[in-house]
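# What the coordinates show
Below, each chain spelled out in residue letters.
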Amino acid sequence: MVKKFRKRENKNLTIAQNEKIRKRLRENRETHGLQAPKAGTSFAHIKNKHKRSQMVTLMKQEQKKQKAKVRRGRREAEARGEKVERQEPRTIEKMREADETIVPAEDSEVEEDEAMDEFEKYFQGGKTPKILLTTQKRPSKKCFDFLKELVHVIPNTFYYPRKDFAFKKICEFASNKDFTDVLLFHEKAKVLQGVYICHLPKGPTSYWRMTRLKLGQEISGGATCNASHNPELILNNFSTRLGRRLGRQLAALFPQAPDFKGRRTVTFHNQRDFVFFRHYRYNFKDEGTKCKLQEIGPRFTLKCRYVQHGTFDAKSGEYEYVWRPDSQVSRKAMFV
């Protein structure tokens with residue numbers, strides 16, 4: 001407690017000292033009639049590092065003031081009924097590098113390929129998903145807490161303890177018992193690291209790195225749900241050939257017959273090749289004119305590391321896609 005108190009006191013003291021320095025600088029500049037430095041000004045000629053840092057801070061503060069002034073003027077003009085031209089913001093998604101694998105709308109060739117893939121019978125309603133859920137050997141309590149919530153998120157899911165069975169043997173057992181998918185979660189130092197998704201009986205198998213896990217019991221103001229109702233499924237921004245394949249694999253985990261009475265939605269939102277998982281319940285307000293979302297949980301982020309053709313085979317498996325750090329040096333290169 002003493003250490004925390006001292007850290008907090010030192011932090012507050014530093015903030016107060018910086019505020020005094022900024023105030024003194026501001027008063028000195030106003031006394032001598034000096035204007036704040038404009039954007040793009042170079043301070044390389046200032047040898048004192050602290051003085052140079054102060055000038056950069058002044059320049060950034062002036063930039064913020066100018067931007068706030070422009071925004072304020074724009075809002076006032078809109079309030080007067082004037083036509084205001086808004087510029088389109090530059091985001092990394094809009095500056096994305098050209099990719100020939102992006103699927104255009106209503107591409108007949110892609111639709112024909114998907115009509116013959118491993119997941120088509122699930123989308124046609126011919127088969128109901130049945131999921132086998134397992135973990136690594138000796139899982140932690142946090143992992144069990146996560147699995148308890150996940151069983152209520154994905155319908156028709158059954159947990160089997162790992163024991164000493166190899167993952168390949170588990171896939172064979174699940175295929176014989178008419179399971180459609182196997183989900184294996186593994187962790188390191190009692191922290192969940194990733195999940196293997198193996199589609200049965202002929203694959204594919206994908207491995208996803210899992211980060212930023214937050215359980216439903218940890219979400220403040222979280223809602224509860226009736227697990228007997230099938231959720232509605234939302235997939236966003238799976239635009240490439242690889243993205244559509246991964247999206248179909250994730251969608252095949254859920255029944256394609258949502259129960260709208262449950263007002264429950266499961267979302268996989270892809271942004272810059274990171275897939276954000278969210279689980280919500282929606283409520284209608286003001287006679288259906290407004291809608292309010294309540295998060296049920298859990299929430300986590302996934303990133304696909306590889307896709308393997310067929311079921312899991314670590315030695316002689318054929319890979320459809322492998323992510324490497326050097327393949328995504330540019331943040332504008334996206335594959336999903």
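A brief report on the enclosed structure follows. (Residues numbered from 1 in each chain as written. Predicted model: local features only at pLDDT ≥ 70, side-chain atom pairs only at ≥ 80, totals over all residues. Heavy atoms only, no water.)

### Quick notes on the overall build of the protein
Looking only at helices and strands, the protein features 7 helices and 11 strands. Counting only residues that meet the buried cut, the protein has 36% of its 336 residues in that class. By sequence separation, contacts in the protein at least 24 residues apart represent 64% of the contacts at least 6 residues apart. Accessible surface computed for the protein: about 22,000 Å², of which carbon and sulfur atoms make up 51%. (Helix = DSSP H or I, 4+ residues; strand = E, 2+ residues; numbered from the N terminus. Buried < 20%, exposed > 50% of the residue type's maximum accessible area, 1.4 Å probe, protein only. Contact = heavy atoms within 4.5 Å. Areas by Shrake-Rupley, 256 points an atom, 1.4 Å probe, with all protein chains shown as cover.)

### Focus on the packing of aromatic side chains
According to the stated counting rule, one finds 17 aromatic pairs in the structure shown. Arranged with centres 5.8 Å apart and planes meeting at 80 degrees, the rings of Tyr196 and Phe312 form a pair that is edge-to-face. In this pair, Tyr196 sits in strand β4 (residues 191-199) while Phe312 sits in the loop between β10 (299-309) and β11 (318-322), placing the two residues 116 residues apart along the sequence. The same class applies to Tyr196 and to Phe312, which are both buried. One aromatic cluster in this structure is built from Phe146, Phe185, Phe254, Phe268, Phe277 and Phe300. Over the ring of Phe158 we find Lys130; its NZ or CZ atom is 5.9 Å from the centre of that ring. The ring of Phe179 is capped by Lys130, whose NZ or CZ atom sits 4.6 Å from the centre of that ring. (Phe/Tyr/Trp six-rings, centres within 6.5 Å; stacked < 30°, edge-to-face > 60°. Lys NZ or Arg CZ within 6 Å of the ring centre and 35° of its normal.)

### As for the pairing of strand β6 (residues 232-236)
Bridge count between β6 and strand β7 (residues 264-271): 5 bridges; the pairing is parallel. Looking across to β7, one finds that Ile234 is bridged to Thr267. Note on the crossover from β6 through helix α7 (residues 241-251) to β7: the handedness is left-handed. (Pairing = 2+ DSSP bridges. Right-handed = clockwise from strand over helix to strand, strands pointing away.)

### What to know about a positive patch on the surface
Side chains of Lys67, Lys69, Arg71, Arg72 and Arg75 sit close together on the surface and give a patch of like positive charge. You can see Lys69 is positioned in helix α2 (residues 49-79). (Patch = residues over 30% accessible without salt bridge, like charges linked within 9 Å, V, L, I, M, F, W, Y side chains within 5 Å. Salt bridge = Lys/Arg side-chain N within 4 Å of Asp/Glu carboxyl O. Lys, Arg positive; Asp, Glu negative; His and termini not counted. Charge placed at Lys NZ, Arg CZ, Asp CG, Glu CD.)

### Digging into the pairing of strand β9 (residues 290-295)
Where strand β8 (residues 274-285) lies against β9, 6 bridges are found, and the strand directions are antiparallel. Counterpart to Tyr280 in the pairing with β9 is Glu295. Counted between consecutive antiparallel strands, the loop separating β8 from β9 contains 4 residues, among which Asp286 sits at a positive phi close to 55 degrees.

### Thoughts on α2
With 31 residues, α2 should cover 45 Å at 1.5 Å per step; its first-to-last C-alpha distance of 45 Å lies within 8% of that length. Sitting at the amino-terminal end of α2 is Asn48, which places a side-chain oxygen 2.9 Å from the backbone nitrogen of His50. Looking one or two places after α2, you find Gly81, whose phi comes out positive at around 90 degrees. (Expected span 1.5 Å × (residues − 1). Polar contact = N/O pair within 3.5 Å; in protein donor to acceptor, adjacent residues only side chain to side chain.)

### A closer look at α7
Buried residues dominate α7, accounting for 8 of its 11 residues. Of all the positions in α7, only Leu242, Gly243, Leu246, Gly247, Arg248, Gln249, Leu250 and Ala251 are classed as buried.

### Quick look at the environment of Arg324
In this structure, Arg324 sits in the segment after β11. The exposure class of Arg324 is partly exposed, given its relative accessible area of 45%.

### What about unusual backbone geometry?
With an omega of 5 degrees, the peptide bond between Gly203 and Pro204 qualifies as cis. Locating Pro204 in the fold gives a position in the loop between β4 and β5 (205-214). Residue Pro298 follows Gly297 across a cis peptide bond; omega there is 0 degrees. Topologically, Pro298 is positioned in the loop between β9 and β10. We note that Asp178 has phi near 70 degrees; this positive angle belongs to a residue other than glycine.

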